[in-house]
Every structure is written in C-alpha cells, then in structure tokens.
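# Descriptive analysis of the structure
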Amino acid sequence: MIKFFLVGIFCLTGTSIDCQRVASTMYYHTQEQCLIAAYNFDQVMKARYPNSKTNMHCVDAFPIPANPGAEI
C-alpha cells in the first residue's frame, strides 16, 4: 500500500527571507488526506505568521528495493 508524506518549504518574509525545509511526522493513507493536511498547514501558518509562504507537496512512499550489488 502506498502512503503519502507532506514535504516542502516554509518561508518567513519581511525585511529578510528565512526559509526552512519541513516535513510531516506522520503519513497519510490517501493523496486527498495529504492535500487537505497541506492546505491546513498553509492556513495555520498564514494565521500565525501573516508574512509567511509555504510550498508543500505530497510525495508517495514506496519500498526501495535492496541493491544486491552494494557492499556495506
């Protein structure tokens, strides 16, 4: 089952611009749930920090196959 994670950039703007990479600490079962979380995050940050900007994306998580030729 593919799950989705929320990742992106959060920036405080004003006299200077300070940006941080951000990511959710939980996963979402559907892309729609993830998109709703992205919207909610944006609304909360805009309410708390009016000069903020977010650029959030939902990315799917999938198993990474083992690399049989790699040495540890």
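Residues numbered from 1 in each chain as written. Predicted model: local features only at pLDDT ≥ 70, side-chain atom pairs only at ≥ 80, totals over all residues. Heavy atoms only, no water.

## Considering the overall build of the protein
On a plain count of helices and strands, the protein comes out with one helix and three strands. Counting the 72 residues in the protein, one finds 19% classified as buried. Sequence separation of at least 24 residues holds for 61% of the intrachain contacts in the protein that already meet a minimum separation of 6. (Helix = DSSP H or I, 4+ residues; strand = E, 2+ residues; numbered from the N terminus. Buried < 20%, exposed > 50% of the residue type's maximum accessible area, 1.4 Å probe, protein only. Contact = heavy atoms within 4.5 Å.)

## Thoughts on the confidence of the model for the protein
Detailed conclusions should not be drawn from predicted coordinates in areas where pLDDT is low. The share of residues in the protein with pLDDT of 70 or more is 85%, and the mean pLDDT across the chain is 86. Taken element by element, the predicted model of the protein shows its lowest mean pLDDT in strand 3 (residues 52-61) (90) and its highest in helix 1 (residues 31-48) (93). (pLDDT = per-residue confidence, 0-100.)

## Describing the state of the cysteines
One pass over the structure, following the stated rule, counts two disulfides. Between the sulfur atoms of cysteine 11 and its disulfide partner cysteine 19 the distance amounts to 2.0 Å. With the S-S dihedral at roughly 110 degrees, the linkage between cysteine 11 and cysteine 19 falls on the right-handed side. Overall, cysteine 11 belongs to the buried group, its relative accessible area being 12%. (Disulfide = S-S within 2.5 Å.)

## A look at the packing of aromatic side chains
Taken as a whole and assessed by the stated rule, the structure comprises three aromatic pairs. Feature note: the residues Phe10, Phe41 and Tyr49 constitute an aromatic cluster, connected by ring pairs. (Phe/Tyr/Trp six-rings, centres within 6.5 Å; stacked < 30°, edge-to-face > 60°.)

## Things to note about the nonpolar core
Counting residues in each nonpolar core, the largest one holds eight residues, listed as Phe4, Leu6, Tyr28, Cys34, Ala37, Ala38, Met56 and Cys58. Of all elements in the fold, only strand 1 (3-12), helix 1 and strand 3 reach the threshold of two or more residues within this core. Counting residues per element, this core draws most heavily on helix 1, at three residues. (Core = buried A, V, L, I, M, F, W, Y, C linked by side-chain atoms within 4.5 Å.)

## Re the sheet that holds strand 2 (residues 18-23)
Pairing in this open sheet of three strands is antiparallel, and the strands run 2-1-3 from one edge to the other. A strand with exactly one partner marks an edge of an open sheet, and here the two such strands are strand 2 and strand 3. Adjacent strand axes in the sheet meet at a mean angle of 15 degrees, parallel and antiparallel pairs treated alike. By the bridge criterion, 10 bridges tie strand 1 to strand 3 in an arrangement that is antiparallel. Across the sheet, residue lysine 3 finds its bridge partner in strand 3, namely alanine 61. (Pairing = 2+ DSSP bridges. Axes fitted to C-alpha atoms, helices over the stretch in contact; angles between N-to-C directions.)

## Looking at helix 1
Its 18 residues give helix 1 an end-to-end C-alpha distance of 26 Å, which sits within 8% of 26 Å, the value for a rise of 1.5 Å per residue. The secondary structure elements touched by the buried residues of helix 1 are strand 1 and strand 3. (Expected span 1.5 Å × (residues − 1).)

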